[in-house]
Every structure is written in structure tokens, then in C-alpha cells.
Amino acid sequence: MSSTRTASTFPPPVMEARRWIEGVSFPPERPLLNVSQAAPVDPPPEPLRRAMAEIVMQDASAHLYGPVLGLPELREEIARHWSEAYRGRVVPEQVAVTSGCNQAYCAAISALCGEGSEVILPSPWYFNHRMWNDMAGVRTLPLETGPTLLPDPEAAAALITPATRAIVLVSPNNPGGVEYPAALLAAFRDLCRARGLALILDETYRDFDSREGPAHDLFSDPDWAEVLVQLYSFSKAYRLTGHRVGAVTASIARIAQMERFLDTVTICPTSLGQKAALWGMRNLGDWLAGERAEILSRRRAMEQSFARLEPQGWRLMGCGAYFGWIEHPHAEPSDALAQRLVHEAGVLLLPGTMFTPEGSEAGRRQLRIAFANVDATGIAELETRLAALPAR
């Protein structure tokens, strides 16, 4: 009997890492430092929680099924916001609201790919993208990024076959932290257009980009919808992780294809979460700017810490948004080192092997740190613990 696709897909990395700490005691003077998952640890800000409480009590529609593609007013707000932020033109019919950004990716792949299709993913990749490709019967073509963590359009072009349907980019990057230059994104757009592919751009962490102004000009292209499929999450911006609200922006024809997938999987996104996201977009601009400033402050603390760790062989390869991508100096591979860090340093992080093809030498030498989960004091403590880790 053949194996199912879910059975042949690797286990969820964050859940696997959590099992490493089961039964482990962490003394009060050295509590667990968890930098494994990219998720806010605090609830939404109080004004948003108060607004949500009022919605729960006063708005009956918050408890009912809504439109498959999302609340019209939220689709309109996203279209307006994207048009302004990217200096282009997006209309509400080009937006679908999803149950988180992961579902936006699944919907996009389902609309673009058939059995045996191929998708190019830069390595290291966001593991859930690879997992869904496997479960959807889509072949992943790894695009190595090397020491810069920036994908090369010419290298991507060499991977394209008649079965290739899309190239997937994440910027700011998960897991690498790097911010892709606008010219690089434009080059990939041009490659996809010339070869008849879709460019899937995951901008989950766009709100924490260090650059001022638009991160790219893809939406200013009047024909952007021929090529671009953009993904977004409200989880990080407004700490709505548990409410599962994301979005996908694409051509009207592709949105119509995604509607079939979304209706089958969840019928509609959570109404309360959508109303919370809409309230946040309309009222939390200044608060979100403060969140961005704090993340950028933590990024600077990471850069300073790893500059001090560099003489010991630690190297910060990429740093931005929520993540630092690290090269380690130890003899054992990253998956073994990550588990040793739990017991000998009280640190939980993810090894590069969870983000790279099986047997990747780069994955054995590298680690991901979700530094947004800890403040500057926590980052300093992380530096101390890494510096003290004995070699083997």
C-alpha cells in the first residue's frame, strides 16, 4: 500500500522542537530562552481587545458565516492600503481574506498548480511552504542562495522546466531575515513574466521592514496581476495569531480559482478576526509604528551581540524582521547542536536542517533565531549562553 502524502511529509518543525523540552527542568536562574517560533508572545493591544469585546457583544454578524472571500469592507481596506503603500492600483476584487497566511499560500498553490507541477523555493525556505507543496503533489525545486541568502534570477531561470508554475519569495525573509532589494524583486517579476510563471511574494513581515517607503514597486506595474500573487498576515502586525487572518492579492481570475479552495476548506475566515483586523488597519497606525521601532531596536541588539560573538566563530548571515540566520562554530550538525542547546544552555531554537533540502551542508552549519520573541535583555542573555557553550 502506498504512503499518503501527509505521512511522507516531514513533521511540523515547531512541534518537533517543543518535544525537545518535554520533561526538561530549567532552573530559576536560567529559565528557558525560547527563540524557536516567530509569533508575538503578547495579546493584541488593549484598545483592540476592547474593540473586539464590543464587537462580540454588539455585532451579531461576528458570530455568523461570512463571504468566502472575506468581508467586503476588509477587502476594500486592504486594496486601499496596498494602493497607497505601494503607489499602485489594487481593487477589492483582487483581494481575498484567508484563515492566516499559510492558507493564503495553500490557496495560491491550489489555483496555480496541478498534479506534477513544480515550484521554485529559495533555500533556506519557510518549511510550511515546502510541506504544503509535498502534500499537494507539487515538486519543490530548491534554489540555493549561498552566503548572501539572496536568490539569483539567473540560477532560478536554469531550474525552470515545462512543469514549473511559480517562483516563491519571502521578504523580509523567513527564515533568513534578509530584505530583498526592489531591483531583485523586479528581476524575478520580469523572469516570471517572460517564462509564463507566477511570482508568489509572501510579505508576512512587511510591517517590520527597516526601509522607509515602499519595499518594491511591483504594484505600480499596470499589469502586475498577470504575474504577481502577494500574501500577507495580520498575525504579526496586530498580534492576532490565534484569530487566523491573512490575505492574498492577485488577479480576479486567480482569486476566483482560490474561492473554490477556500470555500471547501474553511467556508469563510473568522468574522471576529476580520473585524479586528479592519479595526487595526483603521486605528492602530501609530501603535504599529512603535512595534516596528521596537523590532528594529532588537535587530540592532542582535547585530551587536553577534559582532562580539564573531571571534568565537558565530556568524550572523542575515538579520531582519523577526529572524536572525546564524552560522555556528561547532563540530556537530545543527540538528544535534539545537538539542544540546536545550540541555546545556536552556535555549530553544531551530536548526538549519529544518529549512533546507535533506543532506544540505549549509543546513548542517546554520540555525534560525526568532529574536523578536525576546527583548534586548533576552538577546544579551542569549549571547552569554552561546558564548559559554563548550565545544565538543
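Residues numbered from 1 in each chain as written. Predicted model: local features only at pLDDT ≥ 70, side-chain atom pairs only at ≥ 80, totals over all residues. Heavy atoms only, no water.

- The name given to the protein chain in an unreviewed UniProt entry is aspartate transaminase, with Limimaricola soesokkakensis as the source organism.
- Under the UniProt heading Catalytic activity (unreviewed entry), the note attached to the protein chain is "L-aspartate + 2-oxoglutarate = oxaloacetate + L-glutamate".
- The UniProt entry for the protein chain carries the following text under Sequence similarities (unreviewed entry): "Belongs to the class-I pyridoxal-phosphate-dependent aminotransferase family." (UniProt positions renumbered as here; feature names shortened; annotations may be inferred.)

1. Notes on the side chain of Ser233
Point 1. Summarising the element assignment, Ser233 is placed in strand 7 (residues 228-233).
Point 2. With a relative accessible area of 3%, Ser233 lands in the buried category.
Point 3. Within the structure, the side chain of Ser233 is placed 3.0 Å from the backbone nitrogen of Ser235, a separation counted as a polar contact.
Point 4. Non-local contacts of Ser233, meaning those with residues more than four positions away in its chain, are made with Cys101, Thr204, Val245 and Gly246. (Helix = DSSP H or I, 4+ residues; strand = E, 2+ residues; numbered from the N terminus. Buried < 20%, exposed > 50% of the residue type's maximum accessible area, 1.4 Å probe, protein only. Polar contact = N/O pair within 3.5 Å; in protein donor to acceptor, adjacent residues only side chain to side chain. Contact = heavy atoms within 4.5 Å.)

2. Things to note about the layout of surface pockets
Point 1. Computed from the structure, the largest pocket encloses a volume of approximately 580 Å³.
Point 2. Among the elements of the structure, helix 3 (72-86), helix 10 (271-283) and helix 11 (285-309) are those that each provide at least two residues to the lining of the largest pocket.
Point 3. Sort the elements by how many residues they give to the lining of the largest pocket and helix 3 lands first, with 6 residues.
Point 4. Of the residues assigned to the lining of the largest pocket, the class counts are 12 nonpolar, 4 polar and 10 charged. (1 Å grid on protein atoms, 1.4 Å probe; cavity = no way out; pocket = protein on both sides within 12 Å on 5 of 7 lines; lining within 4 Å. Points joined across faces, edges and corners; volume = space filled by probe spheres on them. Nonpolar A, V, L, I, M, F, W, Y, C, P; charged D, E, K, R; others polar.)

3. A closer look at the UniProt feature "domain: Aminotransferase class I/classII large" (unreviewed entry) in the protein chain
Point 1. The sites that carry the UniProt feature "domain: Aminotransferase class I/classII large" (unreviewed entry) are, in the present numbering, residues 36-382.
Point 2. Secondary structure within residues 36-382 divides into 43% helix and 17% strand; the distance between the first and last C-alpha atoms comes to 13 Å.

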